[in-house]
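Observations on chain architecture
The lines below spell out each chain.
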Amino acid sequence: MNANLSERLAQDIRRRGSIGLDEYMRAALSDEREGYYATGNPLGRDFTTAPEVSQMFGELAGLWCVDVWTRLGEPAPVSLVELGPGRGSLMLDALRAVASASPAFMSDLEVHLVETSASLQRTQARTLGGVDIPVRWHESVESLPETPMLLIANEFFDALPIRQFAYTVQGWRERRVGLAEDDTFTICLGDVAERESRLYTLVNDPAEGEIVEIRPEAERIMRFISERLSKHSGAALLVDYGSGMRPSGDSLSALGRDGFVEALADPGAVDLSAWVDFGALARVAGDVDVFGPVPQGSFLRRLGIVERAERLRVHADETQAREISTALSRLIEPEGMGVLFKVMALVSRDLQTEPAGFLDAERFKGDA
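Per chain, the residues get numbers from 1 upward, laid out in the order the sequence is written. Local features in this predicted model are restricted to residues whose pLDDT is 70 or higher, and side-chain atom pairs enter the listing and the counts only when it is 80 or higher, whereas totals over whole chains, interfaces and linings include all residues. Hydrogens and water molecules were not included; the side-chain quantities draw on all heavy atoms of the structure.

This part takes up empty space enclosed by the protein. In this analysis the probe radius is 1.4 Å and the grid spacing 1 Å, with only protein atoms considered; a cavity is a set of points the probe fits into but cannot get out of, a pocket is an open set with protein on both sides within 12 Å along at least five of seven lines, and lining residues have an atom within 4 Å of a point. Grid points are joined across faces, edges and corners, and a volume is the space filled by probe spheres set on the points. The tally for this structure, following the rule as stated, stands at 2 cavities of 30 Å³ or more. Each pocket or cavity is described by its volume, and for the largest cavity that value is around 130 Å³. Every residue lining the largest cavity is counted, 13 residues in all, and those nearest its centre are Ile 214, Arg 215, Trp 275, Asp 277 and Ala 280. The numbering of helices and of strands both runs from the N terminus, where a helix is a DSSP run of H or I of at least 4 residues and a strand a run of E of at least 2. Elements with a contribution of two residues or more to the lining of the largest cavity: β9 (211-214), α9 (216-232), β14 (276-277) and α10 (278-284). Here the residues of the lining of the largest cavity sort into 9 nonpolar, no polar and 4 charged. Lining the second largest cavity are Phe 57, Leu 60, Ala 61, Leu 237, Val 239, Gln 296, Phe 299, Leu 300, Leu 303 and Val 343. Broken down by secondary-structure element, the contributors of at least two residues to the lining of the second largest cavity are α4 (55-71), β10 (234-243) and α11 (296-303). Of the residues forming the lining of the second largest cavity, the biggest block, 4 residues, is contributed by α11. Split into classes, the residues belonging to the lining of the second largest cavity amount to 9 nonpolar, 1 polar and no charged. Following the grouping adopted for this structure description, the nonpolar residues are Ala, Val, Leu, Ile, Met, Phe, Trp, Tyr, Cys and Pro, the charged ones are Asp, Glu, Lys and Arg, and the polar ones are all others, Gly among them.

Right, dumping it as structure tokens:
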């Protein structure tokens, strides 16, 4: 248990009252000294992302970027950006595929990684140490260069802080984090949220006890990405677990070494995340076209992951072939990540057609 962070949060609550779930999540995940992402490398320890399941995921993401870049007329220079790069595995696999498929793309490329954790930055630097291409780190999207951009965000938005509101007989009230009589963290209700009038536009006829989640930081980042794409051209590929419709209820979850645990039990020691509302992200996108979300399984199938697995198995021994098949199933089948995880694309309007993997997908035009 991370006693120091727990006590600091408890002292803060005693001093000034309950805190929002967004503030709690931000401290539990990103505290510079004792946040979850500051205390080591959680990937593989507590959870595994798609790039860690198989090299095929990153390879196809990289080739998707090459395809978009080619159809945009091969703008140069171009930034390949990843938000929340984890160990750096996705970017390494993407660059390997890109180097083989399009040396021209590689020659015009700069890699930019948006990562707030110093520990993970060091891990990413080791992973990408052999890459003969400029790699730069950023703590926020606002410092990304003013160039055409291909951006990948895999399991990034689900870890951004959420706010929750519950509908009561008095109206919408924010669900906040306070202290119980035994000094453990607990959910409590704040004052009537009069200024959150948009909650009434999200839910036409709320029932007592209904819970709504919003993600102001995710919406801010989404606006920035769409503005940058509109101004300089490019595309963004967003992959996360969530829904195309507004998720109903409390979706905050905590994952530790022994599986799912109570969300407020151990700040700094467990991974916190919540479902991504892709519809909310699409609604705040600016002057770009938004495609999807589509299930991850169907997206990867359309990009050729089954054929890629077959080619890898040709040169694999029996054990390796079995691992490739297991990884493929985990990425695309409904009982794995194939349905729970969704994929959305933002593209600048000079692309004019749908990007690869989104044939017949729902298309949403952002505000002009």
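Time to look at the pattern of salt bridges. Only one rule defines a salt bridge in this text: a Lys or Arg side-chain nitrogen within 4 Å of an Asp or Glu carboxyl oxygen. In total, this model carries 24 salt bridges according to the counting rule given. In this structure, Arg 16 and Glu 23 form a salt bridge, with 2.0 Å as the shortest nitrogen-oxygen distance. The network of salt bridges with common partners includes Asp 12, Arg 15, Arg 16 and Glu 23.

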